[in-house]
Number of protein chains: 2
Amino acid sequence: MSEMVKVAVDAMGGDNAPAETVKGAVEAANENKHVKVFLVGARKCIEKELKKYEYRPQQVEVIDATEVIETAEPPVMAIRKKKDSSIVKALQLVKNGECDAFVSAGSSGAVLVGGQVIVGRLKGVERPPLAPLIPTEKGAALLIDCGANVDARPSHLVQFARMGSVYMESVMKVKKPRVAIVNIGAEEEKGNALVKETFPLLKACKDIHFIGSIEARDIPAGYADVIVCEAFVGNVILKLYEGVGGTLIKMVKTGMLASLRSKIGALLVKPALKSTLRKFDLEQYGGAPLLGLNGLVVKTHGSSKSIEIKNSVLQCVTFKEQKINDKIKEKITLGDE
Amino acid sequence: MSEMVKVAVDAMGGDNAPAETVKGAVEAANENKHVKVFLVGARKCIEKELKKYEYRPQQVEVIDATEVIETAEPPVMAIRKKKDSSIVKALQLVKNGECDAFVSAGSSGAVLVGGQVIVGRLKGVERPPLAPLIPTEKGAALLIDCGANVDARPSHLVQFARMGSVYMESVMKVKKPRVAIVNIGAEEEKGNALVKETFPLLKACKDIHFIGSIEARDIPAGYADVIVCEAFVGNVILKLYEGVGGTLIKMVKTGMLASLRSKIGALLVKPALKSTLRKFDLEQYGGAPLLGLNGLVVKTHGSSKSIEIKNSVLQCVTFKEQKINDKIKEKITLGDE
């Protein structure tokens, strides 16, 4: 591929900005010469950070933005008022076609609202879902939707299933991705009103490989590739993954330090254990794409380090190369016929 | 306490019935001479199992029931038609006051529906929630509701908060239990329609210690004692706890067996690790009570072994001793004034 992939990076977003955001963006540019990063934020701060690194200057550009949207701000208002914020300016670059994608570790609310309001939805897409990859025993599954739209309708969930299938097939190279809807039992008649209404609609979709309901217990085991749910449930799943994982790993560590005998054992076990548990690290996949927009918006964790920023930027390359948005448009349009 | 606590046990319910159900019931009777267990199910099967054990005969009675409700059966229909099933007959014993409580590892749906239809709700209780204890870093939290009522209304959630507070205070001896509502952000304005409506109602309750929203990430860390949510979300939380825990422990084991070095380490680490991880075992607490009924109904895991059946039966003693139902009635009535 010879065409450049242009990615705007929110240099001011997240707990570790601008040090880690700038570092991650530069690392991505150094790793792939077809990437150009646009670091959006306070020029002076960014330039100070940039001095620490070597890079090809034609691959890194700074776009000045004087305001910052804080996580606690009500997102709709912030997007409307802070026209010179890094988030709004970066999203404008995507809207105008100057950039292909935007990566931010900043305010989730502002990124999600801004993505919809400024970049806009693809024709036919009712609601753009936030779709992170989560680790499973067998690799990764796409959790869709995970925070963009609470109180969704059945037709939204059907679109999520379609968009998620495109993503898993084209980006993650999963053939015939297995789509399941999160439910409280395996039987078709189980569930709340939303799930009961959505189930037959998914069953009727000929363009996806729907395998039925999935109970939350079976998600980590890797029973499905595309996990469809409304955003409130998706958010609970994502955060509980993190919470239970964190608590258990903390307890394993405490257990290992309980006696001299176990301390010696811990030293022997540590390297093997570390490499196994890395497979279950939520952050290895970079950010979560907000699918169904006229461009790509990727939200990474607020506590992202340079590695996640870098992976998120590089993810935008695959997204563009694979023409995900064209495929989504096609699938949504054909699906509706 | 000299009064006997009479507990009906569904001898036919669960994957390991009747062997483990009978064993657990007998163990409970042997451990506490103020317990009388009524083993409900196929008399011949039960008597065959009973022959394996020693017990005081006045503490164990068999009640014949010729039918069994299977897990896959639609619960409303099963309760209506199978009048001679172990579940229906046991619930009748509670309704008639012949037993104080009922413990079952059988069909969740049938136990929940039967509890409401046959035993009936306490005056003032709109919906009886299923409320299991889940392990946290700091001990245990009550997850309420976890499967009894999907598509709940705000007034139901307020009652769940009150009933859960009574339980944690009286059974688990937590002073001023911290009540939180599961949400997708910490701020008051976040959430779906149900949470947004419920939040101010909980905030206005003077008889509970409401601490606001809890994100799923913070549940395992033990930030709250009573975790209020509607049943669909509660079920997802409970089952994901199990799923992520199971997968991680499996991965820890695999990691430990990766090399000779780590295998030796594993031998040294194992005893300490085992005792630490036991604290995070969902099943240590016995079954989940269905609160707010004219009697006590406890649902234990379908795969329960005798230890869970025993713990569930013994839990009924505390429940009766602490007069939980009187306290719930009082709290619900006063709260509504």
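Look up a bit, the structure's there.
One structure accompanies this document, and this report is about it. What you see is a predicted model, and the numbers here were worked out from it, not measured in a lab.

### Here we look at the overall build of chain A
- Looking only at helices and strands, one finds eleven helices and eleven strands in chain A.
- Its C-alpha atoms give chain A principal-axis dimensions of about 65 × 60 × 40 Å.
- Looking at chain A as a whole, 58% of its 337 residues are labelled buried.
- Considering only residue pairs separated by 6 or more positions, chain A has 72% of its internal contacts joining residues 24 or more positions apart.
- When the accessible surface of chain A is summed, it comes to about 14,000 Å², and 53% of that surface belongs to carbon and sulfur atoms.
- Both charge centroids of chain A, one from 48 positive and one from 40 negative side chains, sit 3 Å from each other.

### Description of the interface of chain B and chain A
- On the side of chain A, 51 residues touch chain B, which itself brings 51 residues to the contact.
- Around 5,000 Å² of area is buried between chain B and chain A when both sides are counted, 74% of it from carbon and sulfur atoms.
- Counting every contact that joins chain B to chain A gives six salt bridges.
- Of the charged contacts in the structure, one is a salt bridge between Glu215 of chain B and Lys239 of chain A, with a shortest N-O distance of 2.3 Å.
- There are 16 residue pairs in polar contact (both at pLDDT 80 or more) connecting chain B and chain A.
- Those elements that provide at least two residues to the side of chain B that touches chain A are β7 (178-183), α7 (193-204), α8 (231-256) and α9 (260-278) of chain B.
- Among the elements that make up the side of chain B that touches chain A, the one with the highest residue count is α8 of chain B (19 residues).
- Split by residue class, the side of chain B that touches chain A holds 31 nonpolar, eleven polar and nine charged.

### A short note on the sheet that holds strand β9 (residues 226-228) of chain A
Residues and elements named next belong to chain A.
- Strand order across the open sheet formed by five strands is β5-β6-β9-β7-β8, with mixed pairing between neighbours. At either margin of the open sheet sits one strand with a lone partner, and together these are β5 (133-136) and β8 (209-215). Taking the axes of each pair of neighbouring strands and ignoring which way they run, one obtains an average angle of 30 degrees across the sheet.
- Sheet topology note: the strand β7 (residues 178-183)/β9 ladder contains three bridges and is parallel. Note on β9: the bridge partner recorded for Val179 is Val226.
- In the packing of helix α6 (residues 154-170) onto the sheet, contacts are made with β5, β6 (139-144), β7 and β9, and the angle to β6 comes to roughly 150 degrees.

### Some points on helix α7 (residues 193-204) of chain A
- Every buried residue of α7 of chain A is listed here: Leu194, Val195, Thr198, Phe199 and Leu202 of chain A. One face of α7 of chain A carries all of its buried residues, which in axial projection span an arc of 125 degrees. Facing away from the buried side of α7 of chain A by more than 90 degrees, the exposed set consists of Glu197, Lys203 and Ala204 of chain A.
- The inward-facing, buried residues of α7 of chain A abut α6, β7 and β8 of chain A together with α8 of chain B.

### Considering the packing of aromatic side chains
Residues and elements named next belong to chain A.
- According to the stated counting rule, one finds four aromatic pairs over all chains in the structure shown.
- Relative to Phe319, the ring of Tyr167 has its centre 6.4 Å away and its plane inclined at 45 degrees; by these criteria the two rings are tilted. Separated by 152 residues along the polypeptide, Tyr167 in helix α6 and Phe319 in helix α10 (residues 306-321) bring together distant segments of the chain. Across the pair, exposure class does not vary: Tyr167 and Phe319 are buried alike.

### Points about the side chain of Glu230 of chain B
Residue and element names in this part refer to chain B.
- Summarising the element assignment, Glu230 is placed in the loop between β9 (226-228) and α8.
- Buried Glu230, no salt bridge; nearest opposite-charge side chain is Arg127, N-O distance 7.4 Å.
- A polar contact of 3.2 Å, which involves the side chain of Glu230, links it to the backbone nitrogen of Val233.
- If sequence neighbours within four positions are ignored, Glu230 has contacts with Asp145, Asn149, Val150, Asp151, Ala152, Leu157 and Leu194.

### Things to note about the relation of the copies chain B and chain A
- Least-squares fitting of chain B to chain A yields an RMSD of 0.0 Å, with the superposition described by an axial translation of 0.0 Å and a rotation of 180 degrees. What the superposition gives is, in effect, a two-fold axis relating one chain to the other. Relative to the rotation axis, the closest C-alpha in chain B is found at Gly265 of chain B, a distance of 1.8 Å.
- By residue overlap, the copies meet face to face through one surface: 100% of the interface positions of chain B are interface positions in chain A.

### Quick look at the side chain of Asn192 of chain B
- Its location among the elements puts Asn192 of chain B in the loop between β7 and α7.
- Filtering out sequence-adjacent residues up to four positions away, Asn192 of chain B remains in contact with Val150, Asp151 and Phe232 of chain A.

### A word on the sheet that holds strand β2 (residues 35-41) of chain B
Residue and element names in this part refer to chain B.
- Across the sheet, which stays open at both edges, the six strands sit in the order β3-β2-β1-β4-β11-β10 with mixed pairing between neighbours. With partners counted over all chains shown, the strands left at the sheet margins are β3 (60-64) and β10 (288-290), one partner each. Strand after strand, the sheet turns through a mean of 25 degrees between neighbouring axes, direction not considered.
- Where helix α2 (residues 43-50) meets the sheet, its contacts fall on β2 and β3, and the angle it forms with β3 comes to roughly 155 degrees.

### A few points about the nonpolar core
- By size, the foremost hydrophobic cluster in this structure holds 186 residues, and its most contacted members are Ile219 of chain A together with Ile219 of chain B.
- In this view, Ile219 of chain A contacts Ile134, Thr136, Val182, Ile214, Ile227, Ile237 and Tyr241 of chain A together with Leu240 of chain B; residues no more than four positions away in its chain are not counted.

### Overview of unusual backbone geometry
- Here Ala17 of chain A and Pro18 of chain A are connected by a cis peptide whose omega angle stands at -5 degrees.
- Structurally, the position occupied by Pro18 of chain A is in the loop between β1 (5-10) and α1 (19-31).
- Between Ile144 of chain B and Asp145 of chain B the backbone carries a cis peptide bond, its omega angle lying at 15 degrees.
- Its location among the elements puts Asp145 of chain B in the loop between β6 (139-144) and α6 (154-170).
- For Lys176 of chain A, which is not glycine, the phi dihedral falls at a positive 50 degrees.
- Mapped onto the secondary structure, Lys176 of chain A falls in the loop between α6 and β7.
- For Lys176 of chain A, a relative accessible area of 59% gives the class exposed.
- In this structure, Lys173 of chain B takes a positive phi of about 60 degrees despite not being glycine.
- If you trace the backbone, Lys173 of chain B turns up in the loop between α6 and β7.
- By relative accessible area, Lys173 of chain B is classed as exposed at 53%.

Rules used in this analysis
Residues numbered from 1 in each chain as written. Chains lettered and ligands numbered in written order. Predicted model: local features only at pLDDT ≥ 70, side-chain atom pairs only at ≥ 80, totals over all residues. Heavy atoms only, no water. Helix = DSSP H or I, 4+ residues; strand = E, 2+ residues; numbered from the N terminus. Buried < 20%, exposed > 50% of the residue type's maximum accessible area, 1.4 Å probe, protein only. Contact = heavy atoms within 4.5 Å. Areas by Shrake-Rupley, 256 points an atom, 1.4 Å probe, with all protein chains shown as cover. Lys, Arg positive; Asp, Glu negative; His and termini not counted. Charge placed at Lys NZ, Arg CZ, Asp CG, Glu CD. Buried area = accessible area lost by both parts, 1.4 Å probe. Salt bridge = Lys/Arg side-chain N within 4 Å of Asp/Glu carboxyl O. Polar contact = N/O pair within 3.5 Å; in protein donor to acceptor, adjacent residues only side chain to side chain. Nonpolar A, V, L, I, M, F, W, Y, C, P; charged D, E, K, R; others polar. Pairing = 2+ DSSP bridges. Axes fitted to C-alpha atoms, helices over the stretch in contact; angles between N-to-C directions. Arc of directions from axis to C-beta. Phe/Tyr/Trp six-rings, centres within 6.5 Å; stacked < 30°, edge-to-face > 60°. Least-squares fit on C-alpha atoms with pLDDT ≥ 70 in both. Core = buried A, V, L, I, M, F, W, Y, C linked by side-chain atoms within 4.5 Å.

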